[in-house]
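Working through the structure, step by step
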Amino acid sequence: MTAGALRRAGALLALLASAACLAQEPQPAELLERMSRSLQSLEYEGVFVYVHEGRVDAVQVTRTQSPYGPVDRLVTLSGDRREVVRERGELRCLTPGGTVTASAGERFALLAPDPAAVGRLQESYRFTIAGRDRIAGYDATVIDATPVDALRYAYRLWLERASGMLLASMLREPGGGPVEQLAFTSLRLRESGLVPLDEAAAPAPAAPIGWQVADLPPGFRLIARPAAPEGSQHLLFSDGLASVSVYIEPRGGGLLGAARRGATHAYGRALDDAHVVVVGDLPAATVARIAASVRRDG
Amino acid sequence: MSNEPSLREQLSALADGELAPDQARFLLRRIDAEPALAAEWQRLHLARACLRRERIALPDVGFADAVAARIRAEAAPAALGGWRRTALGGAIAAGMAALALFAVAPRTDVAPTAAPVLAEVAPLDTRDLALRAAPGELQRASDRTWSPLPVAAPFDLRVESYFLRHGGAATAAPRGGFVPYVNVVATPAAAPPIPLRDPQSQGEAARR
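Only a predicted model underlies this, so the values are computations on that prediction, with no experimental measurement involved. (Residues numbered from 1 in each chain as written. Chains lettered and ligands numbered in written order. Predicted model: local features only at pLDDT ≥ 70, side-chain atom pairs only at ≥ 80, totals over all residues. Heavy atoms only, no water.)

1. Brief notes about the overall build of chain A
When helices and strands are tallied, chain A shows 4 helices and 21 strands. Restricting the contact set of chain A to residue pairs at least 6 apart, pairs at least 24 apart contribute 45%. Here chain A has roughly 12,100 Å² of accessible surface; of this, 54% comes from carbon and sulfur atoms. (Helix = DSSP H or I, 4+ residues; strand = E, 2+ residues; numbered from the N terminus. Contact = heavy atoms within 4.5 Å. Areas by Shrake-Rupley, 256 points an atom, 1.4 Å probe, with all protein chains shown as cover.)

2. With respect to the environment of Thr99 of chain A
With respect to the helices, strands and loops of the structure, Thr99 of chain A is situated in strand E6 (residues 98-103). Between the C-alpha atom of Thr99 of chain A and that of Glu83 of chain A, which follows or precedes it by 16 residues, the distance is 9.4 Å.

3. Some remarks on the nonpolar core
For soluble globular proteins, nonpolar side chains are generally found buried alongside one another. Formed by 81 residues in total, the largest nonpolar core has its most connected members in Phe48, Leu74, Tyr155, Leu241 and Val246 of chain A together with Phe178 of chain B. Within the second largest apolar cluster, 11 residues are counted, among which are Leu11, Ala24, Leu27 and Trp41 of chain B. (Core = buried A, V, L, I, M, F, W, Y, C linked by side-chain atoms within 4.5 Å. Buried < 20%, exposed > 50% of the residue type's maximum accessible area, 1.4 Å probe, protein only.)

4. Let's talk about the confidence of the model for chain A
Residues and elements named next belong to chain A. Per-residue confidence for chain A gives a mean pLDDT of 83; residues scoring 70 or more make up 82%. The lowest-confidence element of chain A is strand E7 (residues 111-112), averaging 46 in pLDDT; the highest-confidence one is helix H4 (residues 284-292), averaging 95. For residues 18-23, every residue scores under 50 in pLDDT, and the model assigns this stretch 0 contacts once sequence neighbours within four places are set aside. (pLDDT = per-residue confidence, 0-100.)

5. Structural notes on the sheet that holds strand E5 (residues 90-95) of chain A
One open sheet accounts for 11 strands, arranged E6-E5-E4-E3-E2-E1-E12-E11-E10-E9-E8 (chain A); its pairing is antiparallel. Because the sheet does not close on itself, it has two edges, and the strands there are E6 and strand E8 (125-135) of chain A. Recorded for the sheet is a direction-independent mean angle of 15 degrees between the axes of neighbouring strands. Judged from the 11 bridges that link them, strand E1 (residues 42-52) of chain A and strand E12 (residues 178-191) of chain A form a sheet pairing that is antiparallel. Residue pairing in the sheet places His52 of chain A in a bridge with Glu180 of chain A of E12 of chain A. The sheet contacts of helix H2 (residues 28-41) of chain A involve E1, strand E2 (55-66), E8, strand E9 (138-147), strand E10 (154-160) and strand E11 (166-172) of chain A, and relative to E1 of chain A the element is tilted by about 105 degrees. Together, strand E4 (83-87), E5 and E6 of chain A form the strand contacts of helix H8 (residues 157-170) of chain B, whose direction differs from that of E6 of chain A by roughly 40 degrees. (Pairing = 2+ DSSP bridges. Axes fitted to C-alpha atoms, helices over the stretch in contact; angles between N-to-C directions.)

6. Side note on the pairing of E10 of chain A
All names here are of chain A. In terms of burial, E10 is a largely internal element, 7 of the 7 residues being buried. Going residue by residue along E10, you find Ala154, Arg156, Trp158 and Glu160 tucked away on one face and Tyr155, Leu157 and Leu159 tucked away on the opposite face as well. Counted along the chain from E9 to the antiparallel partner E10, the turn is 6 residues long. Where E10 and E11 come together, 6 bridges link them in antiparallel fashion. Each residue of the ladder has a partner; that of Leu157, found in E11, is Ser169. A loop of 5 residues connects E10 with E11, the two strands running antiparallel in sequence, and Gly164 in this loop sits at a positive phi of about 85 degrees.

7. Re the packing of aromatic side chains
Tallying each qualifying case throughout the model produces 7 aromatic pairs over all chains. Here Phe48 of chain A and Phe184 of chain A contribute two aromatic rings whose centre-to-centre distance is 5.5 Å and whose plane-to-plane angle is 75 degrees, an arrangement assigned as edge-to-face. Within this pair, whereas Phe48 of chain A is found in strand E1, its partner Phe184 of chain A is found in strand E12, the two being separated by 136 residues in sequence. A relative accessible area of 0% means that Phe48 of chain A is categorised as buried. Judged by relative accessible area, which is 2%, Phe184 of chain A ranks as buried. Residues Tyr125 of chain A and Phe127 of chain A carry aromatic rings whose centres are separated by 6.1 Å and whose planes lie at 45 degrees to one another, so their mutual orientation is tilted. For Tyr125 of chain A, a relative accessible area of 0% gives the class buried. Among the aromatic residues, those joined into a cluster by ring pairs are Tyr44, Phe48 and Phe184 of chain A together with Phe178 of chain B. Arg152 of chain A extends its terminal NZ or CZ atom over the ring of Tyr125 of chain A, reaching a point 5.9 Å from the ring centre. (Phe/Tyr/Trp six-rings, centres within 6.5 Å; stacked < 30°, edge-to-face > 60°. Lys NZ or Arg CZ within 6 Å of the ring centre and 35° of its normal.)

8. Here we look at the pairing of strand E3 (residues 69-76) of chain A
All names here are of chain A. Most of E3 is tucked away: 7 of the 8 residues are buried. Pairing between E2 and E3: 8 bridges, direction antiparallel. Its bridge partner being in E3, Thr64 is matched across the sheet by Val71. Hairpin connection of E2 to E3: 2 residues between the antiparallel strands. Across 4 bridges, E3 lies against E4 in antiparallel orientation. Bridge pairing in E4 links Val75 to Glu83. Between the antiparallel neighbours E3 and E4 lie 6 residues, among them Gly79 with a positive phi of about 65 degrees.

9. Topic: the pattern of salt bridges
Evaluated as defined, the whole model comprises 20 salt bridges over all chains. Between Glu43 of chain A and Arg190 of chain A there is a salt bridge, with its nearest N and O atoms 3.5 Å apart. In this pair, Glu43 of chain A is assigned in strand E1 and Arg190 of chain A in strand E12, connecting sequence segments 147 residues apart. With relative accessibility at 33%, the residue Arg190 of chain A sits in the partly exposed group. We note a salt bridge from Arg82 of chain A to Glu160 of chain B, for which the minimum N-O separation is 3.4 Å. With Arg82 of chain A in the loop between E3 and E4 and Glu160 of chain B in helix H8, this pair bridges two chains. (Salt bridge = Lys/Arg side-chain N within 4 Å of Asp/Glu carboxyl O.)

Here you go:
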């Protein structure tokens, strides 16, 4: 074989190899489903850096699986020691100011993601693969999720190529700057060996009683009604990436006005003899708008 | 340059806070611009700290140089994506390490590189930032001033409870797992009071 023929054969092989690589590149929807599954079913241990509101926090995270559901532990390694522990359906947040406990609700079993929920994402976001990167030693595929309206954040997600595990993320205001950034600096992943329950087979949550949330952004659906104290309701809506909680409680002592934690905003208002608080991974104006739209049936 | 006796004396006077304001500003500008002078400035501080037996952490000059070289080497693409531009706002406030971590642009080439690659950063320098920054948002390093650290929000059991319960519920959502707990565990910053406006009109403004 001549030198020219060898070069042509080499070029052809390179072309075929790159075509094969492109064919193997998973699509964004598939990657997001993997992300959802990995976040739920893998066991992991690592340290990530979280940038929010002009602060940088280093946080150690551990997730293990038990027959009673996932056990999560997050501890800050910078600033005041704060810790969140989730175990056997109970949540504890330990801070220098005090400890808050809450029920993690009934949905604390290991759940497989509902593929339909991931599929519905296309209603609210346009997905593109932005490229490849490397985070905490893992190869990552980078996905941009651009919202179809100005009511929610844009996302850039760094997903581990094999498992889909979230390695880094950046949330951006509609047409604005980043509001929250997270990136692992070290991470260990393990298969848990537990078989997730089929979330899609679970019954759909019942509609709220006596109340309606009239103005949710398009694409949001009621996905859960977590346990709430008697006389109160907690409704959880999601568009597949962002989640928003609506709390309807008897009036007295709840949040009035706005509060914020990173990219998560809250807005509370009194409504007759009730108190409405909305907490969501959404821009402040959207959260306030949802709170304003809560009204009694009829 | 840094061997000039008068310059050393000026550096020493600067470290003692005895240099006239105009001279100090001029010298700090030179320190910013001249790596040799910056190294001299660092050595002077190290020597003084050793004399005072202080435990100090100096920046890794090699790392900083490598990052700076990387920044300079980046060609300034005409169509800088919004992500790359905006990523720097928070990262500058977080310091160089956070800049290197977060202001990353995904690599579209997948060719393996033999040498370790520093995180890629958007091609901006401090002069660029000084020009772009809104007043009070960002300041040049040569100003030798820092924004005050964000104050932690006062502990409020009810408010913490809402965020915690939301995190607990959202953990089963597609972007779940540990993610919904992150802003619960992170130190909450005391936000400036957000005026209570008519939320309906705020919501309408968000519509496109």
